[in-house]
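# Results of the structural survey
Below, each chain spelled out in residue letters.
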Amino acid sequence: MAGGDCEEEEQQTPLLQTSPHKLTGNVWTALAHIITGVIGSGVLSLAWSMAQLGWIAGPLSLLIFAFFTLVSASFICDVHLYANPNNGTTTMNRSYLQAVQTILGELLLLNLNIHLQLAYLLFSTLISGNKNGLVCGCLVYFSIFKTGVVYTITSAISMRAIRQSNCYHKEGHEGDCEYEDTYYMLVFGIVQIAASQIPNIFHTKWLSIIAATMSFTYSFIGMGLGLAQVIGQGKIEGSISGISTTNPAQKVWLVAQALGDIAFSFTFSLILLEIQSTLKSPPSQKETMKKASTIAIFTTSLFYLCCGGSGYAAFGDSTPGNLLTGFGFYEPFWLIDFGNACIVVHLVGGYQIYSQTLFAIVERWYAEKFPESVLTRDVGRVNPLRLCFRTTYVILTMAVGMIFPYFNQVVAFAGSVIFWPLTIYFPVEMYFVQKKVVPWSANWILLRIYSLFCLIVTLYILAGSIQGLITLRFG
C-alpha cells in the first residue's frame, strides 16, 4: 500500500483509534527514537562476535541480519493503517501487539502452513487453544522485559568499568580492581524508577535525542580506540575462520552465541509502530517511517561493521566480550571513563523507549478492565497505578540481572528467543493478509523459504545461548 493510498483510505473510511496527542514527530525524531532503541551496548559486543566468526562470516552475518531487519521494518510500517475488508473501517495500529491482534485476528497457530507447524510444537504448551494475539503478547512482553534486563546488566558493567579504569590507572594493570555488579544495578534501578514516571513515549523525544547522541559518542570512542591500537601495533589481528578452539563443539556453541549477539543488536521491530504513531502528516506517516528506518538500519550497520571490525583487528583472538568494559584498553583512562558514562546515559533512555511500550499496554488494559479503580486516579501529580506497576517492573528486571549477570550469553539468549517470531514470522503473516498474497504464488513461496531459514538459524542460536548460560551459571 503506497503512502498516497494510506491517505486516501483515511478519507474514504472511518478511522478508528486515532491518537489523542498532537503529532509533531518527523523523520529526525523517528530516527532518534530508532537509534536509541537499536544502537545499544550490543554494539560493543560485536568485536567479540567478529572474533568467533572471522573476517568473512562476521561482516557477512552483520549484513544478513541488517537485511532481515530492513525487510521486517518495511512490512511493519505497512500495517500502521489496516483497512478491514469485513466492516470497511480503517484501524490505526499504534503498537505491534495491536497490529497482530487486528490483522491476524483469531487465526490459530494450528492452522498455519508448512514449517510453521514446527513453531506450533515449540509453543504448544503455552498457546494450546488460544489465539495468535496471546502468543504475540507473551513474546512482546518477554522481549521488552529481557531488553530491560540486558540494559540493567550492561549499565552496571559500564559503571563498574569506570571505577576499574580509575583503579588500574592508579594501581597499575595488575592491580586488584575487581568489583561486584550488584551495587551498580541498584543505582541504575533507582534512576529507572524515577525515569519510568514519564507518562508515555510522546514525552520522551528529548530523552531519545540525548540517548542517540550518547550512542554515537561511545561507538566512535570504541571504534577510535580500536583503530589507534591497530595503527600502534602496525598490523591487523584476526583470521578468516575466527578464534580456534581445542574442542569443535565449543566452536559451534560460540558461533551460535555470536550470531545471537548480532541478532539482538538489530532487534527494534517492537517499537516501530509506537514511533510511527508520533509522526505528523503530510508526508504520510508510512513514508516518513520507512525513510527513517532505512537511514537508521544503514547507519547502524555501518557503525556495527566499523566497531566490530576495528575491535577484532586490534585484539584478534584476545578480543574482550565488551570493547569498553573488558579492558582490552587501559589508556587513556579518562576517555574510557567517558565512553562508559555515555553508555549508561544512553541505556537510561533506551530502557525507557522499550519499557514505555509495555507500560502503555498494561496500564491501558487495567484502565479499561477496572475503570472505577482508585489506582487509575491521579493523586496530585502522582498516578498510583503508574507508580506501583512501573516500580515493580524495574525491580524485577534488576532481580533477574543479578541472578544472570553474564553479558554476552544473556545478549545472545535475548536475541534468539524473539528474533524469529517477532522479527520474521508475525511481520510476514501480516504482510500476507495486508497484501492478500495468494498461497503458492512466487512471492508466497519465497517468503516461506525466508521464514524457514530464519527459524532454523534462531533454533541454533537459542541452543548455543542456553548452553552458554548453563555452563557459566552451573559450571
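Whatever comes next refers back to the structure up there.
About the thresholds
- Residues numbered from 1 in each chain as written.
- Predicted model: local features only at pLDDT ≥ 70, side-chain atom pairs only at ≥ 80, totals over all residues.
- Heavy atoms only, no water.
- Salt bridge = Lys/Arg side-chain N within 4 Å of Asp/Glu carboxyl O.
- Helix = DSSP H or I, 4+ residues; strand = E, 2+ residues; numbered from the N terminus.
- Buried < 20%, exposed > 50% of the residue type's maximum accessible area, 1.4 Å probe, protein only.
- Polar contact = N/O pair within 3.5 Å; in protein donor to acceptor, adjacent residues only side chain to side chain.

On to the pattern of salt bridges, then. Overall, the coordinates contain 7 salt bridges when judged by the stated rule. Among the salt bridges present, the one from E372 reaches R377, with a minimum N-O distance of 3.7 Å. Among the ionic contacts, a cluster of salt bridges with common partners joins D78, K286 and K290.

The phi dihedral of K436 is positive, around 55°, even though this residue is not glycine. Tracing the backbone shows K436 in the loop between α14 (407-435) and α15 (442-474). Look at K436 and you get exposed, because its relative accessible area is 62%. Despite not being glycine, W440 has its phi angle at roughly 70°, a positive value. Note on placement: W440 falls in the loop between α14 and α15. For W440, a relative accessible area of 60% gives the class exposed.

Its location among the elements puts T29 in helix α2 (residues 27-38). By relative accessible area, T29 is classed as buried at 11%. A polar atom in the side chain of T29 sits 2.8 Å from the backbone nitrogen of N26.

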